[in-house]
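# Topology and contacts: notes
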Amino acid sequence: MTEYELDDIDREILYALQEDARNLSSGEIADRTEASSSTVRKRIQRLESEDVIKGYSADIDYQKSGYPLRMLLFCTAPIPERGELIDDILDIPGVVSVQELVTGEKNLLVTAVGETDDDITPVAQELLEMGLTMADEVLVRSHEATPFDDFSSRSKTNDE
């Protein structure tokens with residue numbers, strides 16, 4: 001599969017979807033991109049088929065939903081195996097994400113959530129049983145995110 005080349009309309013669509021994929025219609029996105037609504041729908045379908053858009057998900061506030069602990073577990077896995085372990089790690093109850101890191105000794109970052117320490121401890125135990133070394137554990141107080149501004153022509157206009 002060749003790498004999909006994004007243009008300004010694609011970038012603006014991505015920015016809009018990052019801001020509020022659930023509530024923005026293709027017509028509203030079209031107004032922002034100066035493209036037609038049907039063009040926006042076709043572009044979104046192409047971005048999805050090219051796996052530029054991998055899916056849509058809810059941004060959950062785990063603390064408000066009864067799971068106040070968010071733990072970052074920095075792990076070390078044998079380099080040839082680290083990518084192969086990701087799906088198994090994601091199957092561990094309480095794990096919500098895994099990032100493969102390519103520099104440094106710590107090469108996997110596992111995020112787990114739980115109600116109490118008793119929810120997080122089994123996650124760490126299962127990681128150890130998989131042969132991972134626990135390099136560091138960090139308890140997260142808060143987590144905020146923002147859309148990647150390089151997709152928005154508005155942020156480029158403001159910088160110029």
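Our structure is the block above this text.
Definitions and limits used
- The residue count restarts for each chain, going from 1 along the sequence in the order it is written.
- Since the coordinates come from a predicted model, pLDDT governs what is reported: local features require at least 70, and pairs of side-chain atoms require 80 or more to be given and counted, while whole-chain, interface and lining totals use all residues.
- Values shown for side chains rest on all heavy atoms present in the structure; no hydrogens or waters enter the calculation.
- Note on definitions: salt bridges are taken to be side-chain nitrogens of Lys or Arg within 4 Å of carboxyl oxygens of Asp or Glu.
- Helical segments are the DSSP runs of H or I of at least four residues, strand segments are the runs of E of at least two, and each set is numbered from the N terminus.
- Partly exposed describes any residue whose relative accessible area lies between the buried limit of under 20% and the exposed limit of over 50%, with all areas from a 1.4 Å probe on protein chains only and scaled to the type maximum.
- Following DSSP output, two strands are said to pair if at least two bridges run between them.
- Points on a 1 Å grid, built from protein atoms alone, make a cavity when a 1.4 Å probe fits but cannot get out and make a pocket when they are open with protein on both sides within 12 Å along at least 5 of 7 lines; residues with an atom within 4 Å of a point are the lining residues.
- Grid points are joined across faces, edges and corners, and a volume is the space filled by probe spheres set on the points.
- Three classes are used: nonpolar for Ala, Val, Leu, Ile, Met, Phe, Trp, Tyr, Cys and Pro, charged for Asp, Glu, Lys and Arg, and polar for all others, with Gly counted as polar.

## So, the pattern of salt bridges
Counted by the stated rule, this structure contains 5 salt bridges. Where glutamate 19 meets arginine 32, a salt bridge forms, and the shortest distance between an N and an O atom there is 2.4 Å. Of this pair, glutamate 19 sits in helix 1 (residues 8–20) while arginine 32 sits in helix 2 (residues 26–33); the two residues are 13 residues apart in sequence, bridging distant segments of the chain. On the accessibility criterion, arginine 32 (27% relative accessible area) is partly exposed. In this structure, glutamate 100 engages arginine 82 in a salt bridge whose closest nitrogen and oxygen atoms are separated by 2.8 Å. On the criterion of sequence distance, the pair formed by glutamate 100 in strand 2 (residues 95–100) and arginine 82 in helix 4 (residues 79–90) is long-range, its members being 18 residues apart. Note on arginine 82: relative accessible area 12%, which makes it buried.

## Some thoughts on the pairing of strand 3 (residues 108–114)
Summarising burial for strand 3: 7 of the 7 residues are buried, a large majority. Covered by surrounding structure in strand 3 are Leu108, Val110, Ala112 and Gly114 together with Leu109, Thr111 and Val113, the residues of both alternating faces. As paired strands, strand 1 (residues 69–76) and strand 3 are joined by 7 bridges and run antiparallel to one another. Its bridge partner being in strand 3, cysteine 75 is matched across the sheet by leucine 108. Here strand 2 pairs with strand 3 via 5 bridges, running antiparallel. Counted as the bridge partner of valine 95 is alanine 112 from strand 3.

## Things to note about the layout of surface pockets
In this structure, the largest pocket occupies an estimated 1,300 Å³ of space. Every residue lining the largest pocket is counted, 35 residues in all, and those nearest its centre are Ser57, Ala58, Asp59, Ile60 and Ala145. For the lining of the largest pocket, the element with the highest residue contribution is helix 1, accounting for 5 residues. Looking at the lining of the largest pocket residue by residue, the classes come out as 18 nonpolar, 9 polar and 8 charged.

Purely geometric numbers; function is a separate question.
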